[in-house]
Structure formats: C-alpha cells, structure tokens
Amino acid sequence: MQNFVQYAPTRVYFGKNTENETGSYLKKEGAQSVLIVYGGGSARRSGLLDRIESSLVSAGITFREFGGAKPNPTLAHAEEGVKKALDMRADFILAVGGGSAIDTAKGIAHGAANPNKKLWDLWLQPSSITRSLPVGAVLTIPAAGSEMSDSAVLTNEDTAEKKGLSTEFNRCRFAVMNPELAATLPAYQIAAGITDIMQHTMERYFIPGSHAELTDEIAEGLLRTMIRNGRKVLADPADYDAMAEVMWCSSISHNGLTGLGRARDFSVHALGQAIGALYDSTHGATLAAVWKAWAEYLYQDAPERFAQFARRVWGVTEEDDLEASRAGIGKTVAFFKEIGMPTSLSELGVHPSDDEYRRMAQHATKGETVTLTQIRPLGAKETEEVLRNAE
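Computed from a predicted structure; not experimentally measured.

Q: Help me understand the overall build of the protein chain in this model?
A: Along its length, the protein chain carries 16 helices and 8 strands. With respect to the principal axes defined by its C-alpha atoms, the protein chain has extents near 65 × 45 × 40 Å. Looking at the protein chain as a whole, 59% of its 391 residues qualify as buried. Sequence separation of 24 or more characterises 76% of the internal contacts of the protein chain that already satisfy a separation of 6 or more.

Rendered as structure tokens:
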C-alpha cells in the first residue's frame, strides 16, 4: 500500500427534507451573503429553490440567484458568476443541482476570492490557488461526486479545452442530499450518472502492482451496489432506498476513499473530456463510449487486475485470468448497453475526422506532455489508437 493522505471534510446532511434546513446549515458556516448557483428551470419549477430561499430568509441570510449552469460547465459562465459574486460581496457560494452547478460554483468561488487573477490562469495552475470562498451544495443529480470531491471541470469554449482542476480548495463545506430530489430525473440522465459514478471507482481500481486490500473491498462493494441499485432506480426513480444507495455511492466514489493506497489514473476521463470538449456530449455517455476500447487495449497488460474485477464484481468463474478479463469486460459493456448508454463513438453520435481524432488525442495527453494510464504509458499515438478503436 502506498503512502496516502485522506481528507474529506465535507459535512453531509442526508435524508428526506434536509434541503429545507439549508439556511441553518449556512448560518453554522457563518454565511451572510450567498450567491445561489443553479442550472435550468427545473429547480424553480419543482419548488426547490423557493424552499431553499425561504430557509435562507428565516436564517437572516441575504442572497442572489445565478442560473444557467450548463451540462458541460463553461469558463465564460463561471466568469459571469464571479462578477455577480464580487458585486454582491458574497461570502459563500451555494450550488443547487448536479456536478455542473457545483463545478460552476467552485469556479466562481476561486475567481471571486482572487479577483486580480484570470480564472483560467488559476484553473491551469492549481498551485496558484491559495484561497477561495466556501462552497456548499444541495445535490439533485447523483453522478459527478463533486459534492465531496477535490475536483471540478470547466470548458474553455474559446480554446475548445475541457480541463479538470484538483485542489483541496474544491472541497465543499457541506452537502445536502435528499434522494427524493432525484426522483424526477430522465432515464438517460440517471444512466449517465450511474456510468460516471462507476467510472470514478473503476479509474482508481485498475492500478496494477499495488496492495490495498480494504480499498479493493470498498471499491468492489460500491460497484456491486451501483449495479444492483442502478437497475432499480431506472425501473423506478421514486424508489427511495435504491436512489439513496446511488446518491451515497456518488459521493463515496469520488471523495478519495475508493483509491486510497494507490496511484491515481483518470485516463478514461481524459478521453471522455476530450470528446466532450469537441462535441459537447453528455459526460457519462462519453465514458461509456470509450471504456470498451480502453479496456480491450490494456487488459493483457494487467490480466490479474481485470480478472479480479471480473470475479469479484461480476461473479465470473473462469479460472484463466485472460478469459476472466474478457468476460468481465463483456459484462461491463453489456451493463452499459442495458442501461441505455452508448458503447462506441458511433452509438454516441460522434463520427470524428482524422484531424479530430488527432485533436482529441492531443487534448487527452495535454499536448503530448503527459502519458495516460498506470497500466502502460499511452502517448498521443496510442491514445489516438484507443479513440479510433472506439469508433
């Protein structure tokens, strides 16, 4: 097991009607002037914003709204939010929604706390972030895990770059999680969220040459829980217990717990973000679209790891590691298909040109300055091969 530091300071308020106490949670944090960041009109139409704002009024907290967070949150929108936060002298940013709203809120928090620096410059140099405004989240979409993670993603539309930022300043002070708030989500959005949650753990799992027995057990248990309950919530999104499992898995999968004691590898996310930057595709769907090609390209380099995944997560019984690995990959791809996710770029509706394949490979490898995967280093050439195999 490698050395590690585990830090997950987010206070979680989990359960029915917890959103109605958001004002009191903010008051405990010392908030006085809050910018509420959200996405489309569903938060308003459902009455959620009204309930949250009523609780802020009761707590004596002033606030302003900032809507319009996009599914692939953009730099320009976050910069607009920075201006609003500075104008109102916000001392706290509250996200209401899923990962898009939360990541936008994190970007606004960084920009508002560092008004003399460009937000994109901060985004490209995480070490330059030495302060930020506190952020809280009322979660409505279990998927990104941003409510407890140290991560956030923004897209710079001017340069067609989608970049992740990891810093401890991304940690939310608190997260409100009421599974009932996710009961009206469309099936495709639920399925994309299921995929993203699973991938957050799978990205941390396929690391050969490491010994982290408890971490393995946590990761494998989470994946089995997601498979069971993912099917249940797609059959009935109002199944509270099943949605509660999915929502909690969303947070645990990306707060660091499922990767403790191992090196970090988010290569499938790098591929998915490259696709999303170019085509503005749903994030979870991009991950499902490339995972088969990624796994088939690499499993022979780490058959014992893929075989363990197959046996412990999917119940595969083949004794030969290569055979078990192939079976596990097949079952994973079949599950993605079962829940309505694309398992190739063509199923995603993406048909890249030769130049676009090269651009995506360059994006994923940051202009050939990094290699992907802990299994075997993939440069831009190999990354392009994986993307082409996903066609």
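Q: Any chance you could explain the nonpolar core here in plain terms?
A: As a rule of thumb, soluble globular proteins bury nonpolar side chains together. Of all hydrophobic cores here, the largest spans 105 residues; its most connected members are Ile-93, Trp-291 and Trp-294. In terms of residue count, the dominant contributor to this core is helix α11 (residues 283-298) (11 residues). What Trp-294 contacts, discounting residues up to four positions off in sequence, is Phe-206, Ser-267, Val-268, Leu-271, Phe-306, Thr-373, Ile-375 and Val-386. One finds Leu-26, Leu-56, Ile-61 and Leu-181 within the second-largest nonpolar core, a separate group that totals 21 residues.

Q: What am I meant to see in a negative patch on the surface here?
A: Judged by side-chain charge, Glu-79, Glu-157, Asp-158 and Asp-280 come together as a negatively charged surface patch. Examined against the element boundaries, Glu-157 turns out to sit in the loop between β6 (151-156) and β7 (161-166).

Q: Please explain the pairing of β6 as it appears in this structure.
A: Across the 6 residues of β6, 6 count as buried, placing the element largely inside the fold. Alternating residues of β6 divide into Ser-151, Val-153 and Thr-155 and Ala-152, Leu-154 and Asn-156, and every residue in both groups is buried. Taken together, the 6 bridges between β6 and β7 define a ladder with antiparallel strand orientation. In the sheet register, Ser-151 faces β7, and the bridge partner there is Ser-166.

Q: Which parts of the structure should I look at to understand the environment of Arg-44?
A: Within the secondary structure layout, Arg-44 lies in helix α2 (residues 42-45). Sequence separation of Arg-44 and Gly-67 is 23 residues, and the distance between their C-alpha atoms is 9.9 Å. What Arg-44 contacts, discounting residues up to four positions off in sequence, is Leu-49, Asp-50, Glu-53 and Glu-65. At a separation of 2.4 Å, a polar atom in the side chain of Arg-44 contacts the side chain of Asp-50.

Q: Looking at this structure, I do not really get the pattern of salt bridges. What am I missing?
A: If charged atoms from side chains of opposite charge come close, those side chains can pair. Per the counting criterion, the structure on display carries 19 salt bridges. The salt bridge involving Arg-231 is made with Glu-338; its shortest N-O contact spans 2.8 Å. Of the two residues, Arg-231 is situated in helix α8 (residues 213-235) and Glu-338 in helix α13 (residues 321-338); the sequence distance between them amounts to 107 residues. Take Arg-231: its relative accessible area is 38%, and that puts it in the partly exposed class. Overall, Glu-338 belongs to the partly exposed group, its relative accessible area being 48%.

Q: Would you mind going over the sheet that holds strand β5 (residues 135-139) with me for this structure?
A: Whenever strands of a sheet pair, they do so through backbone hydrogen bonds, lying parallel or antiparallel. Pairing within the open sheet is parallel, and its 6 strands lie in the order β1-β8-β5-β4-β2-β3. Two strands lie at the open edges of the sheet, namely β1 (11-14) and β3 (62-66), each paired on one side alone. Across the sheet, the mean angle from the axis of one strand to that of its neighbour is 20°, orientation sign disregarded. Sheet strands in contact with helix α4 (residues 75-88) are β2 (33-38), β3 and β4 (92-97), and its direction is about 160° off that of β3.

Q: Is there a simple way to explain the pairing of strand β8 (residues 174-177) in this structure?
A: Looking down a regular strand, the side chains alternate between one sheet face and the other. The side-chain alternation of β8 yields two buried faces, one formed by Phe-174 and Val-176 and the other by Ala-175 and Met-177. Bridging between β1 and β8 involves 4 bridges; their strand directions are parallel. Each bridged residue has a counterpart across the sheet, and for Phe-14 the counterpart in β8 is Met-177. The pairing of β5 with β8 spans 4 bridges and is parallel. Counted as the bridge partner of Val-138 is Val-176 from β8.

Q: Got a minute to help me understand the packing of aromatic side chains in this structure?
A: One pair of aromatic rings is described through two measures. These are the centre distance and the angle between the planes. Under the defined criterion, the tally for this structure stands at 16 aromatic pairs. Between the aromatic rings of Phe-206 and Trp-294, the centroid separation amounts to 5.9 Å while the plane-to-plane angle is 65°, which identifies the pairing as edge-to-face. Highlighted residues: Phe-206 in the loop between α7 (187-205) and α8 and Trp-294 in helix α11, separated in sequence by 88 residues. The exposure class assigned to Phe-206 is buried, which follows from its relative accessible area of 2%. The exposure class assigned to Trp-294 is buried, which follows from its relative accessible area of 2%. Aromatic pair Phe-206 and Phe-306: ring centres 4.4 Å apart, planes at 25°, arrangement stacked.

Q: Just checking my understanding: could you explain α11 for this structure?
A: Structural remark: α-helix, 3.6 residues per turn; residues separated by three or four positions point the same way. Spanning 16 residues, α11 covers 22 Å between terminal C-alpha atoms, matching the ideal 22 Å at 1.5 Å per step. Val-290 marks the point of greatest bend in α11, at about 35°. Within α11, 14 of the 16 residues are buried, which leaves the element mostly enclosed by the surrounding structure.

Q: What's the story with unusual backbone geometry in this structure? I'm lost.
A: The phi angle of most residues is negative, glycine excepted, and most peptide bonds adopt the trans form. The backbone of Asn-17 shows a phi angle near 70°, a positive value even though the residue is not glycine. Structurally, Asn-17 is set in the loop between β1 and α1 (22-28). A relative accessible area of 46% places Asn-17 in the partly exposed class. Of note in the backbone geometry, Lys-366 takes a positive phi value of approximately 50° without being a glycine. Relative to the assigned elements, Lys-366 resides in the loop between α15 (354-364) and α16 (380-389).

What counts, and where the lines are drawn
Residues numbered from 1 in each chain as written. Predicted model: local features only at pLDDT ≥ 70, side-chain atom pairs only at ≥ 80, totals over all residues. Heavy atoms only, no water. Helix = DSSP H or I, 4+ residues; strand = E, 2+ residues; numbered from the N terminus. Buried < 20%, exposed > 50% of the residue type's maximum accessible area, 1.4 Å probe, protein only. Contact = heavy atoms within 4.5 Å. Core = buried A, V, L, I, M, F, W, Y, C linked by side-chain atoms within 4.5 Å. Patch = residues over 30% accessible without salt bridge, like charges linked within 9 Å, V, L, I, M, F, W, Y side chains within 5 Å. Areas by Shrake-Rupley, 256 points an atom, 1.4 Å probe, with all protein chains shown as cover. Salt bridge = Lys/Arg side-chain N within 4 Å of Asp/Glu carboxyl O. Lys, Arg positive; Asp, Glu negative; His and termini not counted. Charge placed at Lys NZ, Arg CZ, Asp CG, Glu CD. Pairing = 2+ DSSP bridges. Polar contact = N/O pair within 3.5 Å; in protein donor to acceptor, adjacent residues only side chain to side chain. Axes fitted to C-alpha atoms, helices over the stretch in contact; angles between N-to-C directions. Phe/Tyr/Trp six-rings, centres within 6.5 Å; stacked < 30°, edge-to-face > 60°. Expected span 1.5 Å × (residues − 1). Bend = angle between axes of the 7 residues up to and from the residue.

By themselves, these figures tell us nothing about what the structure is for.
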